[in-house]
Amino acid sequence: MPATGLLNEAMDDLKATLTAVTGLRVINDPTKIVPNCVYLDAPSFETIAGGGNIIRVTVPVRVIGSGPAGLPVLQNILSIVATVLGSSVVIMAGQPSMLDIGGQMFPAYDLQMAMQAQTS
């Protein structure tokens with residue numbers, strides 16, 4: 001299976017895992033973003049084995065809060081981040097950010113998730 005199939009399968013598996021384990025609303029379609037969700041952005045990858053049979057995938061995971069930014073919203077975002085951190089996915093780093101949705105800025109937290117995918 002080429003890397004593109006691996007990437008789609010890895011993203012589908014990640015979405016299913018995060019949804020099942022955390023009970024959070026997990027979205028991977030940018031047209032369906034709504035505040036108080038976890039958004040899986042486009043992944044980057046490196047091949048580990050010839051032909052793209054094994055790849056190391058880094059996925060930007062955005063926790064998007066409801067605006068406007070304030071302490072209660074930050075606390076809600078950090079609770080969601082803690083839930084993601086407590087799941088079986090490997091989060092490598094995180095930092096606060098903002099996200100523009102339809103001209104309105106929403107507070108967010110950007111997490112970097114790492115995983116490996118391979119053909120069977």
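What counts and how
- Residues numbered from 1 in each chain as written.
- Predicted model: local features only at pLDDT ≥ 70, side-chain atom pairs only at ≥ 80, totals over all residues.
- Heavy atoms only, no water.
- Helix = DSSP H or I, 4+ residues; strand = E, 2+ residues; numbered from the N terminus.
- Rg over C-alpha atoms; globule rule 2.2 N^0.38 Å.
- Buried < 20%, exposed > 50% of the residue type's maximum accessible area, 1.4 Å probe, protein only.
- Contact = heavy atoms within 4.5 Å.
- Areas by Shrake-Rupley, 256 points an atom, 1.4 Å probe, with all protein chains shown as cover.
- Lys, Arg positive; Asp, Glu negative; His and termini not counted.
- Charge placed at Lys NZ, Arg CZ, Asp CG, Glu CD.
- Core = buried A, V, L, I, M, F, W, Y, C linked by side-chain atoms within 4.5 Å.
- Expected span 1.5 Å × (residues − 1).
- Arc of directions from axis to C-beta.

Visitor: I tried to follow the overall build of the protein chain on my own but got confused; where do I start?
Guide: Within the protein chain, the secondary structure is distributed over 2 helices and 6 strands. Each helix and strand of the protein chain, placed in order from N terminus to C terminus, yields the pattern α-β-β-β-β-α-β-β. Radius of gyration (C-alpha) of the protein chain: 15 Å, near the 14 Å computed for a compact globule of 120 residues. The principal-axis extent of the C-alpha atoms belonging to the protein chain is close to 50 × 30 × 20 Å. With 120 residues in all, the protein chain has 36% of them scored as buried. Across the protein chain, contacts joining residues at least 24 apart in sequence account for 56% of those joining residues at least 6 apart. Per element, the accessible surface of the protein chain, about 6,400 Å² overall, is 56% carbon and sulfur. The averaged location of the 8 negative side-chain charges in the protein chain is 5 Å from the averaged location of its 5 positive side-chain charges.

Visitor: How do you make sense of the nonpolar core when you look at a structure like this?
Guide: Most often, soluble globular proteins keep nonpolar side chains buried together rather than apart. Membership of the largest hydrophobic core comes to 26 residues, with the highest contact counts inside it found for Leu18, Val38, Leu40, Val59, Val63, Val84 and Leu111. The biggest single contributor to this core is helix α1 (residues 3–22), with 6 residues. Counting 8 residues, the second-largest nonpolar core is a separate cluster that includes Ile27, Cys37, Tyr39 and Leu99.

Visitor: How should helix α2 (residues 71–85) be read in this particular structure?
Guide: Three- or four-residue spacings in an α-helix give side chains the same orientation, since the helix completes a turn every 3.6 residues. Taking 1.5 Å of rise per residue, the 15 residues of α2 would be expected to cover 21 Å, and the 20 Å separating its terminal C-alpha atoms lies within 8% of that figure. All buried positions along α2 are accounted for by Val73, Ile77, Ile80, Val81 and Val84. Looking straight down α2, one finds its buried side chains confined to an arc of 105°; they lie on one side. In α2, the exposed positions that point more than 90 degrees away from the buried face belong to Leu71 and Pro72.

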